[in-house]
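The chain contents come next:
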Amino acid sequence: MRFATWNVNSLKVRLPQVLEWLAANPDLTALALQETKMEDAVFPQAEIEAAGFHVAYIGQKTYNGVAIIAREPLADVQYNLPGYDDPQKRVIAATVAGVRFICAYIPNGQALDSEKYPYKLGWLKVMQGYLADELARHPQLILAGDYNIAPEDRDVHDISKWEGGVLVSPAERQAFQDMLSLGLSDAFRAFEQPDKSFSWWDYRGFSFKKNAGLRIDHLLITPALTEKLTASGIDREPRKHERPSDHTPVWASFRD
DNA sequence: ATGGCCAACTATGTTGGA
């Protein structure tokens, strides 16, 4: 089985690319999507099901929005973070192939002096509590998504350009470490990986061509899954596509 | 040079993303 996460930056624009990528990756069990940017009433459920997939989603107009697409039915779908009153649609979870698959679009934070930054840190605290609860129930669990956190300096093309800003601040990195402390591990770093591996590149300034990116999309997995982990990686192909998302898919494979 | 691009909205500029 194989799981992946992809921030598509508008599913309206990217649906053809998502379906194309799913067709090109027939071994993929489930895909977590972020920034679908659409209300549930206009979500392309019929098109996705017509292509042979199951899907669960929750979204809003213009901003945020998450979905899980899977090759088998989704069970026990959870919408939003339980007990946290937040109009922003950032979390959906479901059980697929015996794995609790959580799809999260963690807030960006905008800037350290923005009101969105404490929102991000508070949100991460709530996520931590939710994770602790879920981990007690699900030995096989994946937290997949756009974390908007580059965990280490090697996850940043040029740390001098990002130091002192969001995505790399000590408090955000600590929140990432706190999730690891719950018993999770970064599927990408379980293997030797190429230097300068990133999952996001700014649309501006030929960033992708220059590989001036960040690794901010992650799959954190439980020990029961780490035991079964066979490979992990980042698929840069969709980022080369015409009219791409600024993020590209990140994946992990497991023995059945 | 504190920008550059892209998407969405109901817009012909503004906001948010990262």
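What counts, and where the lines are drawn
- Residues numbered from 1 in each chain as written.
- Chains lettered and ligands numbered in written order.
- Predicted model: local features only at pLDDT ≥ 70, side-chain atom pairs only at ≥ 80, totals over all residues.
- Heavy atoms only, no water.
- Core = buried A, V, L, I, M, F, W, Y, C linked by side-chain atoms within 4.5 Å.
- Buried < 20%, exposed > 50% of the residue type's maximum accessible area, 1.4 Å probe, protein only.
- Axes fitted to C-alpha atoms, helices over the stretch in contact; angles between N-to-C directions.
- Helix = DSSP H or I, 4+ residues; strand = E, 2+ residues; numbered from the N terminus.
- Parallel < 35°, antiparallel > 145°, perpendicular 65-115°, else oblique.
- Contact = heavy atoms within 4.5 Å.
- Pairing = 2+ DSSP bridges.
- UniProt positions renumbered as here; feature names shortened; annotations may be inferred.
- 1 Å grid on protein atoms, 1.4 Å probe; cavity = no way out; pocket = protein on both sides within 12 Å on 5 of 7 lines; lining within 4 Å.
- Polar contact = N/O pair within 3.5 Å; in protein donor to acceptor, adjacent residues only side chain to side chain.

1. Thoughts on the nonpolar core
Turning to step 1, where the next piece is worked out: Grouped together as the largest cluster of nonpolar side chains are 29 residues, with contacts concentrated most on Phe 3, Ile 68, Phe 101, Ile 142, Leu 219 and Phe 254.
Turning to step 2, where the next piece is worked out: One finds Met 127, Tyr 147, Ile 149 and Ala 175 within the second-largest nonpolar core, a separate group that totals 21 residues.

2. Examining the packing of helix 3 (residues 116–137) against helix 5 (residues 170–181)
Turning to step 1, where the next piece is worked out: Where helix 3 meets helix 5, the axes come as close as 10 Å, and the angle between the chain directions of the two elements is 5°. With respect to helix 5, the axis of helix 3 lies roughly parallel. Within the contact between the two elements, helix 3 uses Tyr 117, Lys 120, Leu 121, Leu 124, Met 127, Gln 128 and Leu 131 and helix 5 uses Ala 171, Glu 172, Ala 175, Asp 178 and Met 179.

3. A look at the sheet that holds strand 12 (residues 217–221)
Turning to step 1, where the next piece is worked out: If you trace the six strands from one edge of the open sheet to the other, you get 5-6-7-8-12-9, paired in mixed fashion. Either end of the sheet is taken by a strand with one partner, and the two such strands are strand 5 (75–79) and strand 9 (185–186).
Turning to step 2, where the next piece is worked out: Both strand 9 and strand 12 contribute to a ladder of two bridges, which runs antiparallel. Across the sheet, residue Asp 186 finds its bridge partner in strand 12, namely Leu 220.
Turning to step 3, where the next piece is worked out: Set on the sheet, helix 3 makes contact with strand 5, strand 6 (91–96), strand 7 (99–105) and strand 8 (141–146); between it and strand 7 the angle comes to about 175°.
Turning to step 4, where the next piece is worked out: Taken strand by strand, helix 5 contacts strand 8, strand 9 and strand 12, and its axis lies near 25° from that of strand 12.

4. Comments concerning the UniProt feature "binding site: Mg(2+)" (unreviewed entry) in chain A
Turning to step 1, where the next piece is worked out: On the UniProt side, "binding site: Mg(2+)" (unreviewed entry) is annotated at positions that read Asn 7, Glu 35, Asp 146, Asn 148, Asp 246 and His 247 here. A maximum C-alpha distance of 12.9 Å places the annotated residues, which cover 241 residues in sequence, within one compact spot. Looking only at the residues we just named, the largest pocket is lined by Glu 35, Asp 146, Asn 148, Asp 246 and His 247.
Turning to step 2, where the next piece is worked out: Non-local contacts of Asp 146, meaning those with residues more than four positions away in its chain, are made with Thr 5, Asn 7, Gln 34, Ala 104, Tyr 105, Ile 106, Ile 216, Asp 217 and His 247.
Turning to step 3, where the next piece is worked out: With respect to the helices and strands, the residue His 247 is situated in the loop between helix 7 (237–240) and strand 14 (250–254).
Turning to step 4, where the next piece is worked out: Accessibility expressed as a relative area gives 5% for His 247, which makes it buried.
Turning to step 5, where the next piece is worked out: Ignoring any residue separated from it by four or fewer positions in sequence, one finds His 247 in contact with Trp 6, Asn 7, Asp 146, Ser 199, Trp 200, Ile 216, Asp 217 and Arg 239.

5. Notes on the pairing of strand 12
Turning to step 1, where the next piece is worked out: When you tally the buried positions in strand 12, you get five out of five residues, the bulk of the element.
Turning to step 2, where the next piece is worked out: Every second residue of strand 12 is oriented toward a common face, with Asp 217, Leu 219 and Ile 221 on one face and His 218 and Leu 220 on the other, all of them buried.
Turning to step 3, where the next piece is worked out: Alignment of strand 8 against strand 12, held across five bridges, turns out to be antiparallel. By the bridge assignment, Asp 146 is partnered in strand 12 with Asp 217.

6. Side note on the UniProt feature "site: Important for catalytic activity" (unreviewed entry) in chain A
Turning to step 1, where the next piece is worked out: According to UniProt, the feature "site: Important for catalytic activity" (unreviewed entry) maps to Asp 217 in the numbering used here.
Turning to step 2, where the next piece is worked out: Those residues in contact with Asp 217 that lie beyond four places of it in its chain are Asn 7, Gly 145, Asp 146, Ser 199, Trp 200, His 247 and Val 250.
Turning to step 3, where the next piece is worked out: A distance of 2.6 Å separates polar atoms of two side chains, one belonging to Asp 217 and the other to Ser 199.

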